[in-house]
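What follows is each chain in one-letter form.
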2 protein chains.
Amino acid sequence: MSAEPDRLFESTVESPSPDGTVYRIPSEAESRAAFRRIVEAAEAHRRRGGQIVAVQGLGFVGAAVAAVVANASDDAGERLHYVIGVDLATPGSYWKVGKINEGEPPFRTPDAKLPAILREAVQERENLRATTCEEAYSLADVIIVDVPLDVEDRVAQGAQEIRVGLAAFEAAVHTIGRNMRPDALVLVETTVPMGACERVALPILLEERRRRGIDEPVLLANAYERVMLGPGYVDSIRAFRRTFAGVDEPSAERARSFLSTFIDVEGHPLWQLGDTVSSELGKLLENSYRSLNIAFIYEWTLLAEKIGVNLFEVVDSIRVRTGTHDNMRYPGFGVGGYCLTKDSLLAQWSAANLFGVDTELGMTLTGLKTNYEMPLHTLALAEELAGGDLAGKTIAVCGVSYLAEVADTRNTPTETLLDALLERGARVKVHDPHVVTWVERPDTEVLQSLTHALKKADGVVFALPHRAYTELSAEELLAQLDRSAFVVDAQDVLTDEKAQLLHEAGRRVVGVGKGHWRTRGYHLTE
Amino acid sequence: MSAEPDRLFESTVESPSPDGTVYRIPSEAESRAAFRRIVEAAEAHRRRGGQIVAVQGLGFVGAAVAAVVANASDDAGERLHYVIGVDLATPGSYWKVGKINEGEPPFRTPDAKLPAILREAVQERENLRATTCEEAYSLADVIIVDVPLDVEDRVAQGAQEIRVGLAAFEAAVHTIGRNMRPDALVLVETTVPMGACERVALPILLEERRRRGIDEPVLLANAYERVMLGPGYVDSIRAFRRTFAGVDEPSAERARSFLSTFIDVEGHPLWQLGDTVSSELGKLLENSYRSLNIAFIYEWTLLAEKIGVNLFEVVDSIRVRTGTHDNMRYPGFGVGGYCLTKDSLLAQWSAANLFGVDTELGMTLTGLKTNYEMPLHTLALAEELAGGDLAGKTIAVCGVSYLAEVADTRNTPTETLLDALLERGARVKVHDPHVVTWVERPDTEVLQSLTHALKKADGVVFALPHRAYTELSAEELLAQLDRSAFVVDAQDVLTDEKAQLLHEAGRRVVGVGKGHWRTRGYHLTE
């Protein structure tokens, strides 16, 4: 986030975006020239009584938050905020700056609202720009922290093994402290270990400000994001409940009043907690809850398959108990994404390292590990259908992102399956209509043609219920599948009727959690 | 359930009920005389076109089901069923027969509907009687099985150690098979291991019927109960979703039509599953889900206490996420009752013993064990407040049943705490306004006066949020508590304000999951 890295890159350095567009990283002089125009526009906005908001980090959360905040208006329809998105001038990050300045979301999304409000903010309202200059923080009344905070090893066993990469977060906060206005509010949206605001960010900000001779109290709050990719992307920010807390009451009040400018607080009231530790814990707890509930069903999936029960039908029958059981999960392929795969580890790490207390989130971490290993069950089903040996077999894996209809591939369970298939000597063809470049696996080609992917495959794994898969008819599938190909349906992609048609046409089909469709009176692998 | 035991008991043998009333067990001759009157009334009912229903087992489920079925009417308000409740002529069971024939529920309940409909059925509609004569089954069109099915050791480790007491269930089904009409429906409501209908009950019924020369197909279905004690007791039968399945389609159809006579199926449609194994699994899965979700919060309770977070506030802030997180549990004292404490074990046992499959419900069983041990955390808090040694200390434990406002003491976590306190040499006074006799611990006196319980106690544990405790003011509590007494609030009985008042008056207070109320700016044990 510091200015130094800029100088390392000549103007010929490129930053490729996942959709294939390549952005030339501007030289420092070019960046500064562009930034001067941002300063002029921002200061004009402040003179008209508006606020300036800097968003630090333009990933899946920051980019969308920047657009939503820029979209906020007063009762007269006037822009409330001038928003400056900030990210790094590196090949891995700059393309997000480039995309936003063109008025486009950095990521493909099925939510038409995001491209609409982002384009409007950049091109019509002219109150959203992105930059790589850290001086942006010196302009801001509110600085929103949306930087990544990663865990190094997703399957760490026990508190001692967990390594949390706090350095990027600490560096980001230092940058803010070096630049921020004394009375600016720092609002942490990044999912952080408990104590990150009070015990990590606050001391850093105090130290940087002391160096600058600022001794007024820091305004610092936590308001963790609940962003959900998919069709409700924008509304998961604008029309969704939000919890927040300040390191003191003035911080909390500033956070409340700022959040109220872009969240529909009439319909979705803010929830204030007593301290930032509680708020930070809340995020980790809610994602750990979801994660464990997914892992729980996995145990019962294995049981149901072995005794021939279609667990989807049973779960449906239980979910009618609203208020107590309606969030029961279904059998599936695995768990991916940025949050559910790591948040439990942040909690365990914080307990040991930021609070020094001896406590073990045993079931919670077992759940995380279970979810990580879940795709290996799909592998086992494929191996069984391949006669016990996948070596030399061609397997088409349909679905690369971690969620239907989205392009996010972070921690996708498909990667676990892919590695295991390759290890067993299989040839793997990978298909996903939403993923052009698999950012974490740039060497793996993601086919865009399903026909191409299925052609001559010995087996097919449906790893995601993308509409491109669920909307295929049995006839279309049969036309593309080899005579002897098998199908593993890991995500309830096929209806029972389609599975039956495939079966009658001689294809072997098994479904994760389907008890091999025994409850319909037949066993599709026989 | 056989007739033989009757002969073992002279007419002087007594059966004491938990409320203190003692019933004389009638002689066989007396029983038969009473039963002849039941036969006459039942046959008259059949001549008028009505059905006869036998309920096997008059415990918390069977007694209430019998009353609800007897309460069912046709459109003209005419009684649909004549109901005969059947239980054993033993000191431990007969009192239920005695109570029902007096028109009273065997158990205290906060639901005023149950005594009302039971009294009406026995005294006004005259279509409900209880008996110990197994010939009752020979009269019935429908036989509902509500017998207990116990697990011997609640904390069995691993599938091999689990012992399920199937003998009582098997004996009950034999009794039915020896007596039932060929075309009667046997409806199993008891929570059973998967396979109990198809692999246990069905062969027994076929065998007994074969001996009697009956070779038509058995009508057998599973429709597991979701009875909840407490204020919604009757409606948890009559106005609640019900899942069912038959061993074949005629069985399922008979079950559907019978269930529709006493369940409000307009508002609460029945849900049919493809086979009884799925239905049996459903019950075990739904209770295991609840159980694991309670255990999950326990892990986070320990963490929250150690880092000073009031977990109640955090859980409240998360529960606003309806549909995904609104069933998150709160910190608490432990888990009791008949279902959540054992159903996971039934599933694991069935997998190994009825299906012979090798599968481990690891997290599920860890959750069960966690819940069993949870009261020991309350013990640890009490021990800490007692200066590390409970020997010779007098501890008042408030709450014996497993749920607020009910009298059911089965598997109550209070028993775990009591044993641990006694083991540490504490003197224990036990109080519960709803429990006159602690059936499972007949030697432990349950005080009915709270003043008496609190008097001269060194420490008080609130184990349940009975209204008798939550409605106490801080002043009332202070007036009864010793100057140096401490309070452990294990179930969110005290509001933060009351805890603060007690604290200011010099009493030491800690609350499970309250982070010692740190978020309120003070630490109540300091």
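Above: the structure in question.
Model, not experiment: these values are computed from the prediction.

1. With respect to the overall build of chain A
- Looking only at helices and strands, chain A features 21 helices and 18 strands.
- A globule of 526 residues ought to have a C-alpha radius of gyration of about 24 Å, and chain A, at 25 Å, matches this closely.
- Across its three principal axes, chain A shows a C-alpha extent of roughly 75 × 50 × 45 Å.
- Classification of the 526 residues of chain A by burial places 60% in the buried group.
- For chain A, the computed accessible surface area is about 19000 Å², with 49% contributed by carbon and sulfur atoms.
- Positive and negative side-chain charges in chain A, numbering 55 and 77 respectively, have mean positions lying 2 Å apart.

2. Looking at the relation of the copies chain A and chain B
- With an RMSD of 0.0 Å, chain A superimposes on chain B once it is rotated by 180° and translated 0.0 Å along the axis. Those values place the two copies in the arrangement expected of a two-fold rotation axis. Distance from the rotation axis, computed per C-alpha, reaches its smallest value in chain A at A:Met363: 3.2 Å.
- Taken as a fraction of all interface residues of chain A, those also at the interface in chain B reach 100%, which identifies the copy contact as same-surface.

3. Section: the packing of helix H14 (residues 343-353) of chain B against helix H15 (residues 362-373) of chain B
Residue and element names in this part refer to chain B.
- Interaxial distance between H14 and H15 falls to 9 Å at its minimum, and their mutual angle equals 145°. Judged by the twist between their axes, the crossing of H14 over H15 is left-handed. Mapping the contact onto sequence places Ser-344, Leu-345 and Gln-348 in H14 and Thr-364, Leu-365 and Leu-368 in H15.
- Residue classes in the contact of H14 with H15 are distributed as three nonpolar, three polar and no charged.

4. So, the interface of chain A and chain B
- Between chain A and chain B, the residue contacts involve 66 residues of the former and 66 residues of the latter.
- In terms of surface lost to chain B, no three residues of chain A exceed A:Tyr289, A:Trp300 and A:Met363, which account for 14% of the buried area on that side.
- Remark: the boundary between chain A and chain B carries two salt bridges.
- A:Arg321 is the partner of B:Glu286 in a salt bridge, and the nearest nitrogen-oxygen pair spans 2.5 Å.
- Between the two partners, chain A and chain B, sit 21 residue pairs in polar contact (both at pLDDT 80 or more).
- Sorting the residues of the side of chain A that touches chain B by element identifies helix H12 (276-307), helix H13 (311-319), helix H14 (343-353) and helix H15 (362-373) of chain A as the ones contributing at least two each.
- It is H12(A) that provides the largest number of residues to the side of chain A that touches chain B, a total of 22 residues.
- Taken together, the residues of the side of chain A that touches chain B break down into 33 nonpolar, 18 polar and 15 charged.

5. Let's talk about a negative patch on the surface
- A cluster of acidic residues, A:Asp150, A:Glu152, A:Asp153 and A:Glu161, forms a negative patch on the protein surface.
- Mapped onto the fold, A:Asp153 is located in the loop between strand S7 (150-151) and helix H7 (158-161).

6. Quick notes on the pattern of salt bridges
- Tallying each qualifying case throughout the model produces 55 salt bridges over all chains.
- Note that B:Lys514 is salt-bridged to B:Asp492, the shortest N-O span being 3.0 Å. Residue B:Lys514 is located in the segment after strand S18 (508-511), and its partner B:Asp492 is located in the loop between strand S17 (486-489) and helix H21 (496-504); the two are separated by 22 residues in the primary sequence.
- For B:Lys514, a relative accessible area of 5% translates into the label buried.
- Linked by salt bridges that have partners in common, A:Asp19, A:Lys99 and A:Glu104 make up one network.

7. A word on the pairing of S17(B)
Residue and element names in this part refer to chain B.
- Burial along S17 is two-sided: Phe-486 and Val-488 facing one way and Val-487 and Asp-489 facing the other are all buried.
- Note: strand S16 (residues 459-462) against S17, four bridges, orientation parallel. Its bridge partner lying in S17, Val-461 is registered against Val-488.
- Pairing of S17 with S18 involves four bridges; the strand directions are parallel. Counted as the bridge partner of Val-488 is Val-510 from S18.
- Considered for its hand, the β-α-β crossover made up of S17, H21 and S18 is right-handed.

8. Observations regarding the sheet that holds strand S4 (residues 81-86) of chain B
All names here are of chain B.
- If you trace the eight strands from one edge of the open sheet to the other, you get S5-S4-S3-S6-S9-S10-S11-S12, paired in mixed fashion. At either end of the open sheet lies a strand with only one pairing partner, and these are strand S5 (128-131) and strand S12 (270-272). Going across the sheet, the axis of each strand differs from the next one's by a mean of 25°, ignoring polarity.
- Where strand S9 (residues 185-188) meets strand S10 (residues 219-222), four bridges bridge the pair, whose relative direction is parallel. Its bridge partner lying in S10, Leu-185 is registered against Leu-219.

9. Examining the nonpolar core
- A:Phe169, A:Leu285, A:Trp300, B:Phe169, B:Leu285 and B:Trp300 are the most contacted members of the largest nonpolar core, which has 152 residues in total.
- Among all residues touching A:Phe169, those that are not within four sequence positions of it are A:Val145, A:Val147, A:Leu149, A:Val188, A:Val192, A:Ala196, A:Val200 and A:Ala201.

10. Notes on the side chain of A:His431
Residue and element names in this part refer to chain A.
- Tracing the chain through its elements places His-431 in strand S14 (residues 427-431).
- Residue classification places His-431 among the buried residues on the basis of a relative accessible area of 3%.
- When near neighbours in sequence (up to four residues on either side) are disregarded, His-431 contacts Val-397, Cys-398, Gly-399, Val-400, Val-446, Leu-447, Gln-448, Ser-449, Leu-450, Ala-453 and Tyr-469.

11. What about the packing of aromatic side chains?
- Enumeration according to the criterion identifies 14 aromatic pairs over all chains in this entry.
- Aromatic side chains A:Phe462 and A:Tyr469 sit 5.5 Å apart centroid to centroid with 50° between the ring planes, which places their arrangement in the tilted category.
- Relative accessible area serves as the criterion here: at 0%, A:Phe462 is assigned to the buried category.
- Following the ring pairs from residue to residue traces out a cluster consisting of A:Phe60, A:Trp95 and A:Phe107.
- A cation over a ring is seen here: B:Arg441 above B:Trp438, with NZ or CZ 6.0 Å from the ring centre.

Rules used throughout
Residues numbered from 1 in each chain as written. Chains lettered and ligands numbered in written order. Predicted model: local features only at pLDDT ≥ 70, side-chain atom pairs only at ≥ 80, totals over all residues. Heavy atoms only, no water. Helix = DSSP H or I, 4+ residues; strand = E, 2+ residues; numbered from the N terminus. Rg over C-alpha atoms; globule rule 2.2 N^0.38 Å. Buried < 20%, exposed > 50% of the residue type's maximum accessible area, 1.4 Å probe, protein only. Areas by Shrake-Rupley, 256 points an atom, 1.4 Å probe, with all protein chains shown as cover. Lys, Arg positive; Asp, Glu negative; His and termini not counted. Charge placed at Lys NZ, Arg CZ, Asp CG, Glu CD. Least-squares fit on C-alpha atoms with pLDDT ≥ 70 in both. Contact = heavy atoms within 4.5 Å. Axes fitted to C-alpha atoms, helices over the stretch in contact; angles between N-to-C directions. Left-handed = near helix turned anticlockwise from the far one by under 90°. Nonpolar A, V, L, I, M, F, W, Y, C, P; charged D, E, K, R; others polar. Buried area = accessible area lost by both parts, 1.4 Å probe. Salt bridge = Lys/Arg side-chain N within 4 Å of Asp/Glu carboxyl O. Polar contact = N/O pair within 3.5 Å; in protein donor to acceptor, adjacent residues only side chain to side chain. Patch = residues over 30% accessible without salt bridge, like charges linked within 9 Å, V, L, I, M, F, W, Y side chains within 5 Å. Pairing = 2+ DSSP bridges. Right-handed = clockwise from strand over helix to strand, strands pointing away. Core = buried A, V, L, I, M, F, W, Y, C linked by side-chain atoms within 4.5 Å. Phe/Tyr/Trp six-rings, centres within 6.5 Å; stacked < 30°, edge-to-face > 60°. Lys NZ or Arg CZ within 6 Å of the ring centre and 35° of its normal.

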